[in-house]
Amino acid sequence: MPSSTGAAVWLPVALFLVPLSAEAQVAQPAVADSLQRAVGTLTARLDSLEAGSCPTGAAVAVPDVPASQDSSLAALAVAVRRLADRLERTLATRCPPGAAVAGAAVPGAAAAVTPTDSANGDLEALRAAAAEAAGAQPAGQAAPADTTRVPPSGQAPTAGPRNANLLNPEISATGDFRLTVRDESPQRDNAVLREVELSVQSTLDPYSKTKIFLTFEDEEIGVEEGYIYYAGLPGRIRADAGKFRQALGDLNRWHLHALPEDEYPLVYQRFLGEEGLSGIGVSLYTPLPFSLAGGTHEVWLQGTLSESEPLYAGGRQPTVLGRLQNFWQLSRSSYAQVGFTATGGNNSEADLTSRLLGLDFRFTYRPPNAGTRRDITFRAEGYRLHSTELGETTNRYGTFLDLNARLSRRWIVGARYDWVEAPRGLDDTEWRITPTLTWWQSEFVYLRLQGEHRNSDLAGTQNLLTLQAVWAMGPHKHETY
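All of these numbers come straight from a predicted model, not from anything done at the bench. (Residues numbered from 1 in each chain as written. Predicted model: local features only at pLDDT ≥ 70, side-chain atom pairs only at ≥ 80, totals over all residues. Heavy atoms only, no water.)

Caption draft 1: Summary view of the pattern of salt bridges. Tallied over the full model, the rule gives 22 salt bridges. Two residues, E274 and R270, come together in a salt bridge whose shortest N-O distance is 3.5 Å. With relative accessibility at 49%, the residue E274 sits in the partly exposed group. Residue D360 pairs with R323 through a salt bridge whose shortest N-O separation is 2.8 Å. Linking D360 in strand 10 (residues 352–365) with R323 in strand 8 (residues 319–329), this pair joins segments that are 37 residues apart in sequence. The exposure class of D360 is buried, given its relative accessible area of 2%. For R323, a relative accessible area of 3% corresponds to the buried category. Linked by salt bridges that have partners in common, D176, R178, R194, E217, D262, E263 and E275 make up one network. (Salt bridge = Lys/Arg side-chain N within 4 Å of Asp/Glu carboxyl O. Buried < 20%, exposed > 50% of the residue type's maximum accessible area, 1.4 Å probe, protein only. Helix = DSSP H or I, 4+ residues; strand = E, 2+ residues; numbered from the N terminus.)

Here's what the structure looks like:
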């Protein structure tokens, strides 16, 4: 259905195309200009209403055109006056008192309105009236075979100033606040703005898109991710280039504020880094063209300069990561996922080589008729880190088990068990139990109460209680994978 902007474009054209009688040729340009100005004002008021605000100012003034002067202009003036009257009645219904003037203060407006023109607050009716006044096909009738105006060769079609916003990127922001109490004295760092994340995403052209995530943490600005990617390449390949979170396990690609707990699993922190594994380089992804046991199979191959102190002692030499992920839809309500990951690299300056192997499993139960109110997800991951440093070889292991159950649309309960050995050096074993209770205030805000019991061979035991508040604004909120 044509919009009010379309009416604003075609009504002035119609004003100049109507046939002129010989006796009205002198007065016609002035009358046409007045009608054109009225249409422009009417369009601006309708645009403001569609945008959710109440336009102010006087009602649209539509000039009188006697039928004896020009019957075509007179008919068009009556149509514009009727539309103006309907708009003002709609404003009076939708907007608070004083926000708009009820009724069209134009000469002869009351005589031009029939009982069927009474405004009922339906904006679609206004659009239909605008289309009819502009000479478009009335609602309920078939459109002509071809009403599309093809722009000249080489000229890109335009859709007016409102579509200029399509050139702007989508911008989102997320805040993550923590309030923590420990069973030790003195208390320290009890209140922390853990992270503020700014997300900028955009479609660059028909071939590529980009995502950039900036983080503000401890009064420092960092780039968590920033990459360009191409989807739909030959062989159903997706290619990413830049800095990105790597395809390791089920949770490493998730951003901190989207995790089911307030931190990454302990094995991620000890084997990969405090915030998981990310790197700068190139990533290739493709689904495999065959199925085993009714499953779907995907492959990642990534070559990066990974930023990982535990794996590579801060080295900046090339690393390689490969992942095979398998997905099975077990029933309408449940699915399972199994993944295998291998990554490794060298740091010749530190005489260090590291090889990491991982196995991850995920099971989710989510009834289709209660997908936003009931689901259960269980995750289990295990890793083996084989490293050689200064001629000494070690094998260290780590794992975690994670269970989350959505009880209703707002409430989620969960618990995670972590166990991991130190990646290198002294043999220190840690384990943790982390129960959580999460309340989704809305799509934009969630609150989480989390307990944590820590145990370390070297550091002893510690208990924490954390209240976490996460809020998001913009089109991209708590994005998961």
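Right, picking up where we left off after that structure.
Caption draft 2: Highlighting a negative patch on the surface. Taken together, the side chains of D189, D218, E219 and E220 define an acidic patch exposed on the protein surface. Here D189 shows up in the loop between strand 1 (170–182) and strand 2 (191–203). (Patch = residues over 30% accessible without salt bridge, like charges linked within 9 Å, V, L, I, M, F, W, Y side chains within 5 Å. Areas by Shrake-Rupley, 256 points an atom, 1.4 Å probe, with all protein chains shown as cover. Lys, Arg positive; Asp, Glu negative; His and termini not counted. Charge placed at Lys NZ, Arg CZ, Asp CG, Glu CD.)

Caption draft 3: Layout of the side chain of D240. Counting through the fold element by element, D240 comes out in strand 5 (residues 237–245). At a separation of 2.9 Å, a polar atom in the side chain of D240 contacts the side chain of R238. The contacts of D240, once residues within four sequence positions are left out, are Y227, I228, Y229, G281, V282 and S283. (Polar contact = N/O pair within 3.5 Å; in protein donor to acceptor, adjacent residues only side chain to side chain. Contact = heavy atoms within 4.5 Å.)

Caption draft 4: Up close: unusual backbone geometry. Here D351, not a glycine, exhibits a phi torsion of approximately 50°, which is positive. Along the polypeptide, D351 turns up in the loop between strand 9 (334–347) and strand 10.

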